[in-house]
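# A closer look at the structure
Listed below, chain by chain, are the residues.
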Amino acid sequence: MGNKTPMYFCLRDDYEDLDRVPGASCPLDDYGLSMIAVGVNKDGSLNTCTCRWNHEHGASGMCMNAVELSELLGIDVYEVMRPDKN
C-alpha cells in the first residue's frame, strides 16, 4: 500500500457554526483556520498542512509551516505530531 503518512485533523470547537464566507485574511481567515489537516513525514517534518479552504482562495497544500502551526495551536507540533507516536 506504499508509505503511510500520519494525518492529524485540528478542529476548532465552533467549526460547524461558521459561515463559508471568505474573510479579509482568506485563506487563513476565521473559517479557514477552524479546520486544519496536517500530514507528517517519517522524519517528523510536515508533509502537508491545509486549511479548511483546501485549495480555494489562494490556499495550498502547505498553508503554514511548523512554527506558524505551533504558534496557532499553542503546541509544539514536532512533539505532539511525532510519527513514532502512531
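Anything mentioned here points back to the structure above.
Now for a description of the structure that goes with this document. (Residues numbered from 1 in each chain as written. Predicted model: local features only at pLDDT ≥ 70, side-chain atom pairs only at ≥ 80, totals over all residues. Heavy atoms only, no water.)

With five of its six residues buried, strand β2 (residues 35–40) lies for the most part within the structure. Relative to β2, strand β1 (residues 7–11) runs antiparallel, the two sharing five bridges. Bridged to F9 within β2 is A37. What sits between the antiparallel neighbours β2 and strand β3 (residues 46–50) is a turn of five residues, in which G44 has the positive phi angle 95°. (Buried < 20%, exposed > 50% of the residue type's maximum accessible area, 1.4 Å probe, protein only. Helix = DSSP H or I, 4+ residues; strand = E, 2+ residues; numbered from the N terminus. Pairing = 2+ DSSP bridges.)

Quick look at the pairing of β3 now. Of all five residues in β3, four are buried; the element is thus mostly enclosed. As judged from the four bridges shared by β2 and β3, these two strands associate in the antiparallel manner. Looking across to β3, one finds that A37 is bridged to T50.

This part covers the nonpolar core. Ranked by internal contacts, the top residues of the largest apolar core, which has 18 residues, are I36, V38, C49, L69 and M81. Of all the secondary-structure elements, those providing two or more residues to this core are β1, β2, β3 and α1 (66–73). Among the elements that take part in this core, β2 stands out by supplying three residues, more than any other. When residues no more than four places from it in sequence are discounted, the contact partners of C49 are I36, A37, V38, S60, G61, M62, C63, M64 and L69. (Core = buried A, V, L, I, M, F, W, Y, C linked by side-chain atoms within 4.5 Å. Contact = heavy atoms within 4.5 Å.)

Okay, the pattern of salt bridges next. Counting across every chain of the model gives four salt bridges. The salt bridge involving R20 is made with E56; its shortest N-O contact spans 2.4 Å. With R20 in the loop between β1 and β2 and E56 in the loop between β3 and α1, this residue pair connects regions lying 36 residues apart in the sequence. For E56, a relative accessible area of 34% puts it in the partly exposed group. Across the pair E79 and R82 runs a salt bridge, and its minimum N-O distance is 3.0 Å. Here the salt bridges share partners, and the residues they tie into one network are R12, D14 and D30. (Salt bridge = Lys/Arg side-chain N within 4 Å of Asp/Glu carboxyl O.)

In this section: α1. Turning to α1, its buried residues are A66, L69 and S70. Buried residues of α1, seen end-on, are gathered within an arc of 100° and therefore sit on one face of the element. Every exposed residue of α1 that faces more than 90 degrees away from the buried side is listed here: V67 and E71. Contact partners of the buried residues in α1: β2, β3 and α2 (77–80). For α1, the side-chain oxygen to backbone nitrogen distance between the N-cap and V67 is 3.0 Å, and the N-cap itself is N65. (Arc of directions from axis to C-beta. Polar contact = N/O pair within 3.5 Å; in protein donor to acceptor, adjacent residues only side chain to side chain.)

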